[in-house]
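Observations on chain architecture
As a plain string of letters, each chain reads:
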Amino acid sequence: MIEFIDVTKTYEKNAKHALQHVTLGIDKGEFVFLVGRSGAGKSTFIKLLLREIDVTSGTVKINGYDISRLTKKEIPYLRRKIGVVFQDFRLLENKSVYENVAYAMEIIGRPQSKIKKKVPNALEMVGLAHRMNHYPSELSGGEQQRVVIARAIINNPQILICDEPTGNLDPDTSEDIMNLLTRINNFGTTMVVVTHNQSMVDRMEKRVVTLEQGVVISDESKGRYDHGFF
Amino acid sequence: MAKRENRTFNLFLSVFKNTIRSIQNNQLMGVASVLSVGAALIILGMFILLSMNMTHVTETMESELELKVFLKEEYTEAQKREVETALKEYEMVQEVSFESKQEAFKGFSDSLKDHSGLLKGYDENNNPLAASFVVKIDKPTSVSNTEAMETIKVYAESLSDKGVDYVKYGEEYVNAMANISSSSKMLSLVVMVILSLISVFLIYNTIKLTCVARNREIRVMKYVGASDSYIRLPFILEGTLLGLFGALMAILFIRTGYFYMIAYSNHIIYLPMNSSLLPPGEVMLPITVFSLLYGSLIGAFGSLFSIRRFLNV
């Protein structure tokens, strides 16, 4: 599903490698935690996946297709296959919960009839059907995050990338969000989750890839957060 | 096929909705841009009116020019006849008519009307004016009026041994007008460039504010996989609309202003020789077309520059 083949990324300003010779494969339907200190290269990894930036050397493939070969015009179609839940990628305040999710369908030109059918389903799935007409400011942090997730999956992405999905949430709410992500994963969506939430990673017993200074220092199925740090 | 049209329509509908909402959210800056484009276009319009009228007046003047061949104070009847024949035989000369000293005096004092006091002490028999031949020309279209006049002038001056004193056709007048006319065109161009830059900059800023205000939305659109043109369109539409509103404002203003100017022009400006200002119907069409085009282009370009930076991810 996702293949990084000997990928190196250097930002021109400071010649330090953000990623160095990273080779990594993620299968369809896998659930992978990406962990590491700030500056370890996690964000670079995600940006490369979304083709926000280009590799310095190496190849990134999605579904066997080298995404560096995509033209600027084709990039949006790549992004339609990938849902994102970012920490700083919040809801639009002037739109209701329903509108926020519907918006993601509107802007890729889905007809209203489909939107009206799908949005309530997605909100049902994240457990917020009853909050449909509320505005983001009226929701708790956990509820907002669930709307963001509903928005990310509304167009049926094959991959869901979550950057610190539980960053600002209390442990109970974090647990809820993780359960939700697991359920989405069970429907077959490939899941890449970047997190600092150590206890969560340890408890989930999923594959853990640890990055440090741009290098993959460990890659364990049923791994633990602290592996490689100590 | 039907499905595809439907999708385009859906996209357009949501783009349009976004544009209107954005203008509503950003009213103050929007009004400022409309006013600035409007003001720029009003000033530009005035310059265009000025140079159009200048050209018009110069042309009227030129076409009404007549060449006068003045005779020396003491000319003989034989000389007069000789000059007349020589002139009539020359190329491009259509008609030659004689104006005696007395006729010249009468014509001049008639033209002074209320100011006839200026001629106190002079009368038809004691007057400083000279007798002359008035030459009307018939020239091919390839030759300009002034050029034809100049040729005949040189020829007539060569007849000085036959009693020709000097030849005039108002060349100083024409040259001065032509100079003013061409420098007003030049000035219009310079003003247009400067005002265009200012307007583009203002629209650029307005749209930049819109971009900043909608930064989050742009990111949502990008990450969800909206195409670049879809993201760009509402901003360009917004800029174009602002430019068009400005243009409409300017057109209304200039229309009204020019109308009154025509109505009062007889009292406030002096126009040489029977020339008049161009009728509003003749100037408003080019000005309207120009303003609408200019306004929308300025708007579109301003927003294009602005959004380019924001989309660059």
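Here's what I pulled together on the structure shown here. The model shown is predicted, which means the values in this text are computed figures rather than measured ones.

Our focus in this paragraph is the overall build of chain B. Helices and strands together make up the secondary structure of chain B, namely 9 helices and 4 strands. When the helices and strands of chain B are listed from N to C terminus, the series reads α-α-β-α-β-α-β-α-β-α-α-α-α. Of all 313 residues assigned to chain B, the portion counted as buried reaches 42%. Taking the contacts inside chain B whose residues are at least 6 apart along the sequence as the reference set, 84% of them involve residues at least 24 apart. Summed over its atoms, the accessible surface of chain B is roughly 17400 Å², and 62% of this surface lies on carbon and sulfur atoms.

Turning our attention to the interface of chain B and chain A. Contacts between the two partners involve 23 residues from chain B, matched on the other side by 27 residues from chain A. When residues of chain B are sorted by the area they lose upon contact with chain A, B:Arg216, B:Tyr223 and B:Val224 head the list and together hold 30% of the total. Here A:Lys72 makes a salt bridge to B:Asp228, at a shortest N to O gap of 3.6 Å. On the surface where chain B and chain A come into contact, there are 3 residue pairs in polar contact (both at pLDDT 80 or more). Among the secondary structure elements, those contributing two or more residues to the side of chain B that touches chain A are α1 (2-25), α7 (215-224) and α8 (228-268) of chain B. Along the lines of polarity and charge, the residues of the side of chain B that touches chain A split into 8 nonpolar, 6 polar and 9 charged.

So, about the sheet that holds strand β1 (residues 67-71) of chain B. All names here are of chain B. On the basis of which strands lie adjacent, the open sheet formed by 4 strands has the order β2-β3-β1-β4 and antiparallel pairing. The open sheet terminates on both sides in strands that have one partner only, identified here as β2 (93-99) and β4 (164-168). When the angles between neighbouring strand axes are averaged without regard to direction, this sheet yields 20°. Relative to strand β3 (residues 132-137), β2 runs antiparallel, the two sharing 6 bridges. Residue pairing in the sheet places Glu-99 in a bridge with Ser-132 of β3. Seen against the sheet, helix α3 (residues 77-89) touches β1, β2, β3 and β4 and runs at an angle of roughly 160° to β2.

Turning our attention to unusual backbone geometry. Backbone phi values are negative for most residues with the exception of glycine, while trans is the configuration of most peptide bonds. All names here are of chain A. Residue Arg-51 is not a glycine yet carries a positive backbone phi of 55°. Relative to the elements of secondary structure, Arg-51 occurs in the loop between α1 (42-49) and β4 (57-62). The phi angle at Glu-164 is positive, at roughly 50°, despite the residue not being glycine.

Calculation notes
Residues numbered from 1 in each chain as written. Chains lettered and ligands numbered in written order. Predicted model: local features only at pLDDT ≥ 70, side-chain atom pairs only at ≥ 80, totals over all residues. Heavy atoms only, no water. Helix = DSSP H or I, 4+ residues; strand = E, 2+ residues; numbered from the N terminus. Buried < 20%, exposed > 50% of the residue type's maximum accessible area, 1.4 Å probe, protein only. Contact = heavy atoms within 4.5 Å. Areas by Shrake-Rupley, 256 points an atom, 1.4 Å probe, with all protein chains shown as cover. Buried area = accessible area lost by both parts, 1.4 Å probe. Salt bridge = Lys/Arg side-chain N within 4 Å of Asp/Glu carboxyl O. Polar contact = N/O pair within 3.5 Å; in protein donor to acceptor, adjacent residues only side chain to side chain. Nonpolar A, V, L, I, M, F, W, Y, C, P; charged D, E, K, R; others polar. Pairing = 2+ DSSP bridges. Axes fitted to C-alpha atoms, helices over the stretch in contact; angles between N-to-C directions.

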